[in-house]
Amino acid sequence: MWITFYPSIYEIVDDPSLDAIISWSKSNHIFIVWDPEALQREVLPNYTMQFGRDYSRFLSQIKHYGFKRIRGSAQWEFGHKYFVRGQPELLDDMLIDVETERMAKFSAKLRAKEAAAKAKAEAEHRLQRLLII
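Here's a quick rundown of the structure. (Residues numbered from 1 in each chain as written. Predicted model: local features only at pLDDT ≥ 70, side-chain atom pairs only at ≥ 80, totals over all residues. Heavy atoms only, no water.)

Our focus in this paragraph is the overall build of the protein. Looking only at helices and strands, one finds 5 helices and 4 strands in the protein. Ordered by position from the N terminus, the helices and strands of the protein form the series α-β-β-α-α-α-β-β-α. Over its C-alpha trace the protein gives a radius of gyration of 22 Å, far above what one expects of a compact globule, namely 14 Å for 133 residues. With respect to the three principal axes, the spread of C-alpha positions in the protein is 80 × 30 × 30 Å. For the protein, long-range pairs separated by at least 24 residues make up 48% of all intrachain contacts whose partners lie at least 6 apart in sequence. For the protein, the exposed area adds up to about 8900 Å²; of that, 57% sits on carbon and sulfur atoms. Positive and negative side-chain charges in the protein, numbering 19 and 18 respectively, have mean positions lying 12 Å apart. (Helix = DSSP H or I, 4+ residues; strand = E, 2+ residues; numbered from the N terminus. Rg over C-alpha atoms; globule rule 2.2 N^0.38 Å. Contact = heavy atoms within 4.5 Å. Areas by Shrake-Rupley, 256 points an atom, 1.4 Å probe, with all protein chains shown as cover. Lys, Arg positive; Asp, Glu negative; His and termini not counted. Charge placed at Lys NZ, Arg CZ, Asp CG, Glu CD.)

Pasting the structure below:
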């Protein structure tokens, strides 16, 4: 899925015919959704495999694939350090960055789960020793 996700979102944002709906910011490092309803109605049906059919699913996918919402704006703005206008070659770096972060979070959860299991086993062992005495 990620193979088509990044190029698809880049294609949508980079399409000047969609600028009233979704476009690059002036900085060229952020994209802005100007009209969520039009995005859902006119754009997303062409990309259902990547984003689903509704705006809430689109937002979920954006977050899942590493975009951060830019707070403090009246508009829906999203960015990632490797999502840059005129530099689609950075999409590979974006994928690597996002997957590395996801793997690090997974590893941390796994270590925490293992530590909790070890602590539980130790507590049960100590409790058994108390019951024997």
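Attention shifts here to a nonpolar patch on the surface. Where nonpolar side chains cluster on the molecular surface, the patch consists of Leu127, Leu130 and Leu131 and spans about 340 Å² of accessible area. Tracing the backbone through its elements, the reader meets Leu127 in helix H5 (residues 91-132). (Patch = residues over 30% accessible without salt bridge, like charges linked within 9 Å, V, L, I, M, F, W, Y side chains within 5 Å. Salt bridge = Lys/Arg side-chain N within 4 Å of Asp/Glu carboxyl O.)

Take the pattern of salt bridges next. With the rule as written, the count across this model stands at 2 salt bridges. Of the charged contacts, one joins Glu42 and Arg41 as a salt bridge, the two residues approaching to 3.2 Å between their closest N and O atoms. Accessibility expressed as a relative area gives 45% for Glu42, which makes it partly exposed. According to the relative accessible area criterion, Arg41 is exposed, its value standing at 55%. When the shortest N-O distance is used, the salt bridge between Glu122 and Arg126 registers 2.9 Å. Of this pair, Glu122 and Arg126 both sit in helix H5, 4 residues apart, which is roughly one turn of the helix. The exposure class assigned to Arg126 is exposed, which follows from its relative accessible area of 54%. (Buried < 20%, exposed > 50% of the residue type's maximum accessible area, 1.4 Å probe, protein only.)

As a further point, take the pairing of strand S4 (residues 76-79). Where strand S2 (residues 30-33) and S4 come together, 4 bridges link them in antiparallel fashion. Looking across to S4, one finds that Phe31 is bridged to Phe78. Looking at chain direction, strand S3 (residues 68-69) and S4 are connected through 2 bridges and run antiparallel. Across the sheet, Arg69 pairs through a bridge with Phe78, a residue of S4. Between S3 and S4, which pair antiparallel one after the other, the connecting turn spans 6 residues, and Gly72 there sits at a positive phi close to 90°. (Pairing = 2+ DSSP bridges.)

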